[in-house]
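# Close look at the chain arrangement
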Amino acid sequence: MVSLASGPLVLIGAGNMGGALLSGWLKRGVPGASIIVIDPRPSDPMTSLIAEAGATHLTEAPQDTIAGILFLAIKPQLMEAVLPPLKPLIGSQTVVVSIAAGKTLAGIESYLGQTAAIRAMPNTPAMVGRGVTGAYANEAVSEPQRALVETLLKVSGPVEWVATEADIDAVTALSGSGPAYVFYLVECMAEAGRKCGLPADLAMRLARETVAGAGELLHQSPDEASRLRKNVTSPGGTTAAALSVLMDDDGMQPLFDKAIAAAKKRAEELAV
Ligand SMILES: NC(=O)c1ccc[n+]([C@@H]2O[C@H](COP(=O)([O-])OP(=O)(O)OC[C@H]3O[C@@H](n4cnc5c(N)ncnc54)[C@H](OP(=O)(O)O)[C@@H]3O)[C@@H](O)[C@H]2O)c1
């Protein structure tokens, strides 16, 4: 059971990410009665989940409540309009958690005032409970607040704390955007299989299951990725032939260096 002694958990935005977190919180024993969800138009399944859990649904911020945790899960472009009316929810015991890409804590505090605040970057596998989240806490966050927020973020997978807020841009570039790189890997493998003579749909099924299965093996195995790679690479065999191309000086590493650096640069440009 998660205790929210410092006040209610107020979730702003019950869309893809907010909804995934909310359902994880309820499954892990966060009492529905201590959750307030503010979203003008939650989906039907989300409306049912909120009602069944005994949580409160509001379309606007209440004026008579101080939040223990104010959890921001709205689109970044909505922050400017959504944050100012939330200021009455902030008290000395409140910690604000934002998962909005590119929105700095200074930017958030410019609307809500100085507060204990955490910036977190989850990724989309959170929707199946298999995400990973990078998080940064400002100096005002107490140890109990940090521990409580970590428990809440962990419902969608492991939480990795970073030392500076700027590190969140690198987290965004690596794990925040990372699922898209893996999906594209599936597309590239399928297309290469098609060019080797397989029907396109069969190549796609094989590529998809290979990446999903390799991901699951990586998840379940205690071995490093490099060990798992070596385990399937016989000297002089087929895997070694492919890896000699992928691991060449102009292979995958320089490509990933460039891609992730480009994502980080874009995250820095978008940060406001
Ligand atoms: N998806 C990702 O991969 C990912 C990864 C890391 C971080 N994030 C961050 O997570 C945040 C949410 O992303 P998402 O994909 O979950 O977006 P989303 O599905 O659009 O969810 C946002 C929710 O907020 C609702 N909303 C709109 N106006 C509101 C208001 N005034 N007050 C309260 N709620 C309001 C939206 O309702 P309507 O649909 O009716 O507008 C929607 O239900 C974003 O800031 C994003 O940067 C996302």
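This text gives an overview of the structure that appears in the document. (Residues numbered from 1 in each chain as written. Predicted model: local features only at pLDDT ≥ 70, side-chain atom pairs only at ≥ 80, totals over all residues. Heavy atoms only, no water.)

## Thoughts on the overall build of the protein chain
- Within the protein chain, the regular secondary structure consists of 11 helices and 8 strands.
- C-alpha extents for the protein chain along the principal axes are approximately 70 × 35 × 35 Å.
- At a minimum sequence separation of 6, the contacts of the protein chain that also span at least 24 residues come to 61%.
- A total accessible area of about 14,900 Å² is found for the protein chain, and carbon and sulfur atoms account for 58% of it. (Helix = DSSP H or I, 4+ residues; strand = E, 2+ residues; numbered from the N terminus. Contact = heavy atoms within 4.5 Å. Areas by Shrake-Rupley, 256 points an atom, 1.4 Å probe, with all protein chains shown as cover.)

## Remarks on the pairing of strand 4 (residues 69–72)
- Side chains Ile69 and Phe71 of strand 4 all project onto a buried face; the interleaved residues Leu70 and Leu72 project onto the opposite face, where all are buried too.
- Where strand 1 (residues 9–12) meets strand 4, 4 bridges bridge the pair, whose relative direction is parallel. Paired with Leu9 across the strands is Ile69, a residue of strand 4.
- Judged from the 4 bridges that link them, strand 4 and strand 5 (residues 95–98) form a sheet pairing that is parallel. Opposite Ile69, over in strand 5, you have Val95 as the bridge partner. (Buried < 20%, exposed > 50% of the residue type's maximum accessible area, 1.4 Å probe, protein only. Pairing = 2+ DSSP bridges.)

## Notes on the packing of helix 6 (residues 167–176) against helix 11 (residues 252–270)
- Across the interface, helix 6 lies against helix 11 with an axial gap of 8 Å and an inter-helix angle of 135°. One element, helix 6, and the other, helix 11, form an angle in the oblique class. Here helix 6 and helix 11 pass one another in a crossing that is right-handed. Facing Asp169, Ala170, Thr172, Ala173 and Leu174 of helix 6, the residues of helix 11 in contact are Ile260, Ala263, Lys264, Ala267 and Glu268. (Axes fitted to C-alpha atoms, helices over the stretch in contact; angles between N-to-C directions. Parallel < 35°, antiparallel > 145°, perpendicular 65-115°, else oblique. Left-handed = near helix turned anticlockwise from the far one by under 90°.)

## Some thoughts on the side chain of Ser221
- With respect to the helices and strands, Ser221 occurs in the loop between helix 8 (200–220) and helix 9 (225–231).
- Taking relative accessible area as the criterion, Ser221 reaches 17% and is therefore assigned buried.
- Engagement of the side chain of Ser221 in a polar contact is seen with the backbone nitrogen of Asp223, the distance being 2.9 Å. (Polar contact = N/O pair within 3.5 Å; in protein donor to acceptor, adjacent residues only side chain to side chain.)

Remember that the coordinates give geometry; whether it matters functionally is a separate question.
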